[in-house]
Amino acid sequence: MSKLALATPNAAAATADLFERSFERVAAAARHAKIDPETLLRLSMPKRTVEVSIPLRMDDGTLRLFRGYRVQYDDSRGPFKGGIRFHPQVDAAEVKSLALWMALKCAVVDIPFGGGKGGVEVDPHQLSHAELERLSRAYVRAVADVLGQDRDVPAPDVYTNARTMAWMADEYATIVRRLEPGVITGKPVGRGGSVGRDDATGRGGYYVLKELEALRSWQPGRTTVAVQGFGNAGQHIARLLHADGYRVVAVSDSRTAVWQQAGLDVPQVIAHKEAHRRLPVPQGAKTITNDELLQLDVDVLVPAALEDQLTAANAPGVRAKVVIELANGPTTGAADPILHDKGALVVPDVLANAGGVTVSWFEWLQNRAGSQWTTEEVHERLRACMRTQFHAVHARMTELGAPMRTAAYALALERLDRALCAGGTAADFQRR
Ligand code: GLU
């Protein structure tokens, strides 16, 4: 069996400077945006950071203390919005970067939300179901003061899901003594959730890929895909592409990566993963390392796990022509120019994985209106949004001759600029 399939991106040394590295890239893109310098200044710090301790009574009677965060980056375009991550490598720098990316992401898809993110430093696989419920509820009690459907609206992220959101929404309702479903999105359908939210992140990436398919005249049967990470985002894009006839030749989870040149039977891989919590190695497939997966000779590479996976060390070996960033921050700033120089198109996270937050917005709209949309409505509106914004970013990229990330950031910064500078800038106040 191959080595651990994922790198450990958040090993203290790697994330200590994650936020600085993230902001530097935004500042670099700002040179291509028509914005007031005050916008970048305002965006250089989160509006509020909440760090909490969460004492948890374990099933065996012992007490453990967990560290939790909620970072509210910017709310100039609408309430703070962003997921809550349960992961052992969560730390302040990571949550801050993820919150900044949410602010950019909501602007890229032009939905009326700002950016936020939350997390708990915990390995959820070591907790029982009951312990996880207590932790989720305790997290909400710790940060409830800053949440609200018009203030800050969390959602699922890595290792949290619809059930986690159900616990959290329920705890919030208990605290405020009324139902307020719009305070959290990604809830189970039937409990205020929207149809189509579950696979929305993968589906948004899939819609982006369909636009590229048309632009590049791809034939699905002849187009190969490798997916790193087999959580919510990775599984759904693999499923949708496989159903279209694409050859998904490799997938990985946090333990292993499997590769089958003829193409994997994705529904069977998903069923096995669900039943056994690990990937199967089907007949004719073999296990490979994480770096081997990232460097496979495929047309499309989909990093769908964690940040800092494509680095200066492995980017020179990447052979994919297109990278669809379903994870947040999978490509480092040092890897970006290497991939660009090789002619690889990197569709950045703030666009490629924005389907999730877009359907979160649909859910919030339904909650506010007391209405329920059909699956077709959700899919149609998501597709229209992804298509429009993909082409807006693509056109900007062509005009700039820069990486697609630069174009997406520039567009987002201009939209943020309109909100942040609505009250005037130095130029207005200095005018006589
Ligand atoms: N956690 C997802 C993301 O990173 C979804 C956030 C949301 O729906 O608010 O985009």
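Residues numbered from 1 in each chain as written. Predicted model: local features only at pLDDT ≥ 70, side-chain atom pairs only at ≥ 80, totals over all residues. Heavy atoms only, no water.

Caption draft 1: Examining the side chain of T425 more closely. Relative to the assigned elements, T425 resides in the loop between α15 (404-420) and α16 (426-430). With relative accessibility at 7%, the residue T425 sits in the buried group. Polar contacts involving the side chain of T425 include one to the side chain of D36, which spans 3.4 Å. Leaving out residues up to four positions away in the same chain, T425 has contacts with D36 and E38. (Helix = DSSP H or I, 4+ residues; strand = E, 2+ residues; numbered from the N terminus. Buried < 20%, exposed > 50% of the residue type's maximum accessible area, 1.4 Å probe, protein only. Polar contact = N/O pair within 3.5 Å; in protein donor to acceptor, adjacent residues only side chain to side chain. Contact = heavy atoms within 4.5 Å.)

Caption draft 2: Broad picture of helix α4 (residues 92-108). In this model α4 runs 24 Å from its N-terminal to its C-terminal C-alpha over 17 residues, within 8% of the 24 Å that 1.5 Å per residue would give. Within α4, 15 of the 17 residues are buried, leaving the element largely enclosed by the surrounding structure. For α4, the side-chain oxygen to backbone nitrogen distance between the N-cap and A93 is 3.3 Å, and the N-cap itself is D91. A positive backbone phi angle near 55 degrees is found at D110, which sits one or two residues after α4. (Expected span 1.5 Å × (residues − 1).)

Caption draft 3: Quick look at the sheet that holds strand β7 (residues 247-252). Read across the sheet, seven strands follow the order β9-β8-β7-β6-β10-β11-β12 without closing on themselves; strand pairing throughout is mixed. In the strand order of this sheet, the two ends are held by β9 (286-288) and β12 (345-347), each with one partner. Pairwise comparison of adjacent strand axes, ignoring direction, gives a mean angle of 25 degrees for this sheet. In this structure, strand β8 (residues 257-259) lies alongside β9, joined through three bridges in antiparallel fashion. (Pairing = 2+ DSSP bridges. Axes fitted to C-alpha atoms, helices over the stretch in contact; angles between N-to-C directions.)

Caption draft 4: View of the side chain of D91. Within the fold, D91 resides in the loop between β3 (80-87) and α4. No salt bridge forms around the buried D91; measuring N to O, its nearest opposite-charge neighbour R85 is 8.9 Å away. Within polar-contact distance, the side chain of D91 engages the backbone nitrogen of A93 at 3.3 Å. (Lys, Arg positive; Asp, Glu negative; His and termini not counted. Salt bridge = Lys/Arg side-chain N within 4 Å of Asp/Glu carboxyl O.)

Caption draft 5: Main features of the sheet that holds strand β5 (residues 152-156). Here five strands make up an open sheet; going across it, the order is β1-β2-β4-β3-β5 and the pairing mixed. Taken across any chain shown, the strands that pair with only one partner, and hence form the sheet edges, are β1 (48-57) and β5. When the angles between neighbouring strand axes are averaged without regard to direction, this sheet yields 20 degrees. Here ten bridges tie β1 to strand β2 (residues 63-74), and the two strands are oriented antiparallel to one another. Paired with L56 across the two strands is R64, which belongs to β2. The strands touched by α4 are β2, β3 and β4 (115-121); relative to β4, the strand with the most contacts, the crossing angle is about 150 degrees.

Caption draft 6: Expanded view of the environment of V176. Mapped onto the fold, V176 is located in helix α6 (residues 162-176). Accessibility expressed as a relative area gives 24% for V176, which makes it partly exposed. For the pair V176 and G148, spaced 28 residues apart in sequence, the C-alpha to C-alpha distance is 9.7 Å.

Caption draft 7: Region of the structure containing the nonpolar core. The biggest cluster of nonpolar side chains holds 86 residues, and the ones touching the most others in it are L104, V227, V251, V302, I324 and V347. Not counting chain neighbours up to four residues away, the residues in contact with V347 comprise V208, L212, V323, I324, E325, A352 and M404. In this structure, I54, I84, L135 and I184 belong to the second largest nonpolar core, which totals 27 residues. (Core = buried A, V, L, I, M, F, W, Y, C linked by side-chain atoms within 4.5 Å.)

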